[in-house]
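# Structural description and commentary
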Amino acid sequence: MSGEAGPGTSGPEIDGPETAAPRTGNPRTADPKSGGLEIRGLEVRYGPVRALRGVHLAVPRGAVAAVLGANGAGKTTLLRAVSGTLRFHRGAITSGTVAFGGLRIDGVAAAAVVRRGVVQVPEGRRVFARMTVAENLRAGALGVPGRRAAAARERVLELFPVLAERAHQRAGLLSGGEQQMLAIGRALMAGPSLLLLDEPTLGLAPLMAARIADTVRQINAQGTSVLLVEQNAAMALALAERAYVLEVGEVALSGPAADLAASDEVRRRYLGVGMPETDRPVGTDLGPGHEGHERLERHERTRLARWTA
Ligand SMILES: Nc1ncnc2c1ncn2[C@@H]1O[C@H](COP(=O)(O)OP(=O)(O)OP(=O)(O)O)[C@@H](O)[C@H]1O
């Protein structure tokens, strides 16, 4: 990683790549009550492509942490490594650990990671387009006991009243912003302790993006931790307590979000280039992992079919 992105250019409070390790020791022995996410020395590969290297990151319980970085920096890969969905994209953790609530979750199947309370909202608002809004929400509550699912549904509809109004509409007919609300709502149906959000404002008009940001704040205020990946650096730094900047698969900078927002380095490289992709139409940001999304969707459909059979 380039030395130019180190602490010298960014103020004393910001950790450079060498000092980004979280405080706790072995995740196997970490305090389960801490409830936080701890990533240590993470390396991820897609076949010969190394997408992440030596990544340390922590999201304490109840916190919002943001991950910034240019296209291809490895942000989505990081979320996949946490949610156990790498294998749907032909990727694998080749080194390091991911722990949540003091227990290792690397190597744990995606459905089991959800049961541990970690749920990802994938990039590109992957709602089930042909299913209704209500069916999409129900799909998010697979395996959740009835009473808890009903409470989760109530919470979701309170956060997003428009989803109640559109309950019987096909998800594919919703606007981009409404689809994003549905994608977040579906994730919340599982009652997560940690929500992984991948570019939730991508392609949305500024007003809708601000609404989504408000909702993220609300969700966090209700007790859910958030790991937020965003190219809209200004928004992410305003929401998060702590932030990480990924560059070509490595943590180049990390520290309190306010310090990063004030750093010349971050201002020059990431602020003011906040939303370069707002012109992209909703749902077309497929990138190299597109096939994987389809595999993941097939996997979810199979689970759904088993459940409804
Ligand atoms: N399924 C895949 N197969 C092979 N390479 C992949 C796959 N998914 C991602 N990559 C590669 O891994 C690296 C990190 O990609 P990733 O999508 O995690 O970056 P990102 O920061 O989320 O970028 P973006 O903002 O464009 O989504 C890139 O070099 C990308 O080309």
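One can find the structure itself at the top, above this paragraph.
A few points on the structure. Just so it is clear, the structure is predicted and the values come from calculations on it, not from any experiment. (Residues numbered from 1 in each chain as written. Predicted model: local features only at pLDDT ≥ 70, side-chain atom pairs only at ≥ 80, totals over all residues. Heavy atoms only, no water.)

## Describing the environment of Leu-246
Position of Leu-246 among the secondary structure elements: in strand β9 (residues 242–247). For Leu-246, a relative accessible area of 2% gives the class buried. In this structure the C-alpha to C-alpha distance between Leu-246 and Val-55, which are 191 residues apart in sequence, comes to 8.8 Å. With residues near it in sequence (within four places) discarded, Leu-246 still touches Leu-52, Val-55, Val-67, Leu-68, Gly-69, Ala-70, Ala-73, Gly-74, Lys-75, Val-251 and Tyr-270. (Helix = DSSP H or I, 4+ residues; strand = E, 2+ residues; numbered from the N terminus. Buried < 20%, exposed > 50% of the residue type's maximum accessible area, 1.4 Å probe, protein only. Contact = heavy atoms within 4.5 Å.)

## Describing the site of the ligand
The local shell around the ligand holds 17 residues, among which Gly-72, Gly-74, Lys-75, Thr-76 and Thr-77 are the closest. A distance of 2.9 Å is found between an oxygen atom of the ligand and a backbone nitrogen or oxygen belonging to Gly-74. Between the ligand and Thr-76, the relevant distance is 2.8 Å, taken from an oxygen atom to a main-chain nitrogen or oxygen of the residue. Compared with its free state, where it exposes 630 Å², the ligand has 76% of that area covered by protein. Partitioned by chemical class, the residues of the shell around the ligand number five nonpolar, eight polar and four charged. (Near = heavy atom within 4 Å. Polar contact = N/O pair within 3.5 Å; in protein donor to acceptor, adjacent residues only side chain to side chain. Areas by Shrake-Rupley, 256 points an atom, 1.4 Å probe, with all protein chains shown as cover. Nonpolar A, V, L, I, M, F, W, Y, C, P; charged D, E, K, R; others polar.)

## Concerning helix α6 (residues 176–188)
The end-to-end C-alpha distance of α6 is 18 Å, a good match for the 18 Å that 13 residues give at a rise of 1.5 Å each. By the criterion of burial, α6 is predominantly enclosed, with 13 of the 13 residues buried. (Expected span 1.5 Å × (residues − 1).)

## Here we look at the packing of α6 against helix α7 (residues 206–221)
For the pair α6 and α7, the least separation of the axes is 10 Å and the interaxial angle reads 15°. It follows that α6 is roughly parallel to α7 by the angle criterion. Of the two elements, α6 crosses α7, and the hand of that crossing is right-handed. Touching Gly-177, Gln-180, Met-181, Ile-184 and Leu-188 of α6 are Met-208, Arg-211, Ile-212 and Ile-219, all from α7. For the contact of α6 with α7, the per-class residue count stands at six nonpolar, two polar and one charged. (Axes fitted to C-alpha atoms, helices over the stretch in contact; angles between N-to-C directions. Parallel < 35°, antiparallel > 145°, perpendicular 65-115°, else oblique. Left-handed = near helix turned anticlockwise from the far one by under 90°.)

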